[in-house]
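An overview of the molecular structure
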Amino acid sequence: EALREGMESLSQAKVGSALQVFFNLDELPAAVTGLTGRYASDVERATKAALDVRSLSAVGGAAPSGGARPGGAGGAAGGAAGWQDALWAALREVSDTLQVRVA
């Protein structure tokens, strides 16, 4: 818990103290593995949510139809533009999640 809090608050002192405690208890590898696994799950969840066609369609208008790619043939131009905007906004959110988890 202390290691996670230190990482999320970007506190070098808290992270250092937590790492020292885990090291002294001979639990450092398990603590680091657990925390990185949790962060990887958070990023995976955010990525899946960002790339979910149904949620993008709800936010951005029409999804590309018939398997067409955004900006390609199929679907109205306005729908494709809205879908692209929603996709880029969602990818920015994933990027923000990555930055917070990896920083």
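All of these numbers come straight from a predicted model, not from anything done at the bench.

Cut-offs used in this document
Residues numbered from 1 in each chain as written. Predicted model: local features only at pLDDT ≥ 70, side-chain atom pairs only at ≥ 80, totals over all residues. Heavy atoms only, no water. Helix = DSSP H or I, 4+ residues; strand = E, 2+ residues; numbered from the N terminus. Contact = heavy atoms within 4.5 Å. Areas by Shrake-Rupley, 256 points an atom, 1.4 Å probe, with all protein chains shown as cover. Axes fitted to C-alpha atoms, helices over the stretch in contact; angles between N-to-C directions. Parallel < 35°, antiparallel > 145°, perpendicular 65-115°, else oblique. Nonpolar A, V, L, I, M, F, W, Y, C, P; charged D, E, K, R; others polar. Expected span 1.5 Å × (residues − 1). Buried < 20%, exposed > 50% of the residue type's maximum accessible area, 1.4 Å probe, protein only. Salt bridge = Lys/Arg side-chain N within 4 Å of Asp/Glu carboxyl O.

Some words on the overall build of the protein chain
Looking only at helices and strands, one finds five helices and zero strands in the protein chain. Across the protein chain, contacts joining residues at least 24 apart in sequence account for 51% of those joining residues at least 6 apart. Summing over all exposed atoms, the protein chain offers an accessible surface of approximately 6,800 Å²; the carbon and sulfur share of this is 59%.

Section: the packing of helix α2 (residues 12–24) against helix α3 (residues 28–50)
Where α2 meets α3, the axes come as close as 7 Å, and the angle between the chain directions of the two elements is 130 degrees. By the angle class used here, α2 and α3 are oblique. In this structure, α2 uses L19, F22 and F23 to contact α3, whose residues at the interface are L28, A31 and V32. Counted by class, the contact of α2 with α3 contains six nonpolar, no polar and no charged residues.

Some remarks on α3
End to end, α3 covers 33 Å across 23 residues, agreeing with the expected 33 Å (1.5 Å per residue, within 8%). Every buried residue of α3 is accounted for by A31, L35, Y39, D42, V43 and A50.

What to know about the environment of A86
If you trace the backbone, A86 turns up in helix α5 (residues 77–102). Considering only alpha carbons, one finds A86 and S57, 29 residues apart in sequence, at a separation of 8.1 Å.

Observations regarding the pattern of salt bridges
All chains considered together, the criterion is met by four salt bridges. A salt bridge links R45 to D42; its shortest N-O distance comes to 3.1 Å. Residue R45 and its partner D42 are both found in helix α3; the two are separated by three residues, about one turn of the helix. Note on R45: relative accessible area 54%, which makes it exposed. Measuring nitrogen to oxygen at the nearest pair gives 3.4 Å for the salt bridge that ties E44 to K48. With E44 and K48 both in helix α3 and four residues apart, the pair spans about one turn of that helix. What makes E44 partly exposed here is its relative accessible area of 45%.

All we've got here are geometric facts, nothing functional implied.
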